[in-house]
Amino acid sequence: MITSIIIILTVIVSLFCFYGGGFNALKFNAYQIWHSKQWYRMLSYGFVHGSWWHLFFNMFTLHFFGRVVEQYFVAFFGNTIGIILYIVLYITAIVISTLGDLIKYRNHYNYNAVGASGAVSAILFASILFEPQMGIYIYLIPIPIPGYIFAPLYLLYCWYMAKRNADNIGHSAHFWGAVYGLLFPLICNPAFFSYFISQLRG
């Protein structure tokens, strides 16, 4: 499965950066991207993580929800096209989720970011589009929250935290990644909206 390949590749790159260097060369740095034209960082940062917990949480989430999205893409578009679209969604989500930060921090040399969170948010929200009734667990809360309730709460939280800018988490990338995860399947096939409504009525 493509999801497993993405996870393995991300783990390998992250481990290399943990123990073999390369972290500074691959991380998102808006100043170097904008002024030094190091555009590869718009993609490479998504395969680098800042800690074991950061890596585990992103890959754990991708493992469960990525398989859902991958299976739906294959079911609707066929094996080849479905897999290609799934890969395109993930790769472009890494880039698009940080476009806002690139513009905002292009003159801030010390602004850095790493992690697949923006792309994982896109995958999570694409899965909610396909299965809005799906239960989602949040940290230690033992009761699953339906996807259609989780989605607006998550977007509101990310928007609020991005406005506060009070921690070292890329809430803006989470927000735009999630929005992109909803839009990409609809652009590929607008009929997904009718499918979403039918699943919502359940």
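In this report, the structure presented in the accompanying data block is examined. Nothing here was measured: the structure is a model prediction, and the numbers come from that model.

Each helix and strand in the chain was counted, giving 11 helices and four strands. Against the 2.2 N^0.38 benchmark of 17 Å for 202 residues, the chain shows a C-alpha radius of gyration of 17 Å, consistent with a compact globule. For the chain, the C-alpha atoms occupy an extent of roughly 50 × 40 × 30 Å along the three principal directions. Counting over 202 residues, the chain shows a buried share of 43%. Expressed as a percentage of contacts within the chain between residues at least 6 apart in sequence, the contacts between residues at least 24 apart total 71%. By element, 69% of the accessible surface of the chain is carried by carbon and sulfur atoms, the whole surface being about 10,600 Å². If the 9 positive side-chain charges of the chain are averaged to one point and the 4 negative ones to another, these points end up 12 Å apart.

Take the packing of aromatic side chains next. On inspection of all chains with the given rule, the structure shows 27 aromatic pairs. When the centroid spacing of 5.4 Å and the interplanar angle of 80 degrees are considered together, the rings of F76 and Y195 count as edge-to-face. With F76 in helix 5 (residues 52-77) and Y195 in helix 11 (residues 192-201), this pair connects stretches of sequence that are 119 residues apart. Residue Y195 is classed as partly exposed on the basis of its relative accessible area, which comes to 23%. Considering the side-chain rings of F130 and F192, the 5.0 Å spacing of their centres and the 85 degrees angle between planes classify their relative orientation as edge-to-face. Of this pair, F130 sits in helix 8 (residues 117-130) while F192 sits in helix 11; the two residues are 62 residues apart in sequence, bridging distant segments of the chain. The buried category is assigned to F130, whose relative accessible area is 0%. Through pairs of rings, three or more aromatic residues link up here, namely Y72, F73, F76, F77, F130, Y180, F184, F192 and Y195. Over the aromatic face of W34 sits the side chain of R106, whose NZ or CZ is 5.4 Å from the ring centroid.

Here we take up the nonpolar core. For soluble globular proteins, nonpolar side chains are generally found buried alongside one another. In this structure, L62, L89, Y90 and F125 are the most contacted members of the largest nonpolar core, which totals 54 residues. When residues of this core are traced back to their parent elements, those giving at least two are helix 1 (2-19), helix 3 (30-35), helix 5, helix 6 (79-96), helix 8, helix 9 (147-164), helix 10 (171-188) and helix 11. Looking at this core, the element that brings in the most residues is helix 8, giving 10 residues. Once residues within four sequence positions are removed from consideration, Y90 is found in contact with I6, T10, M59, L62, A116, A119 and I123.

The rules behind each value
Residues numbered from 1 in each chain as written. Predicted model: local features only at pLDDT ≥ 70, side-chain atom pairs only at ≥ 80, totals over all residues. Heavy atoms only, no water. Helix = DSSP H or I, 4+ residues; strand = E, 2+ residues; numbered from the N terminus. Rg over C-alpha atoms; globule rule 2.2 N^0.38 Å. Buried < 20%, exposed > 50% of the residue type's maximum accessible area, 1.4 Å probe, protein only. Contact = heavy atoms within 4.5 Å. Areas by Shrake-Rupley, 256 points an atom, 1.4 Å probe, with all protein chains shown as cover. Lys, Arg positive; Asp, Glu negative; His and termini not counted. Charge placed at Lys NZ, Arg CZ, Asp CG, Glu CD. Phe/Tyr/Trp six-rings, centres within 6.5 Å; stacked < 30°, edge-to-face > 60°. Lys NZ or Arg CZ within 6 Å of the ring centre and 35° of its normal. Core = buried A, V, L, I, M, F, W, Y, C linked by side-chain atoms within 4.5 Å.

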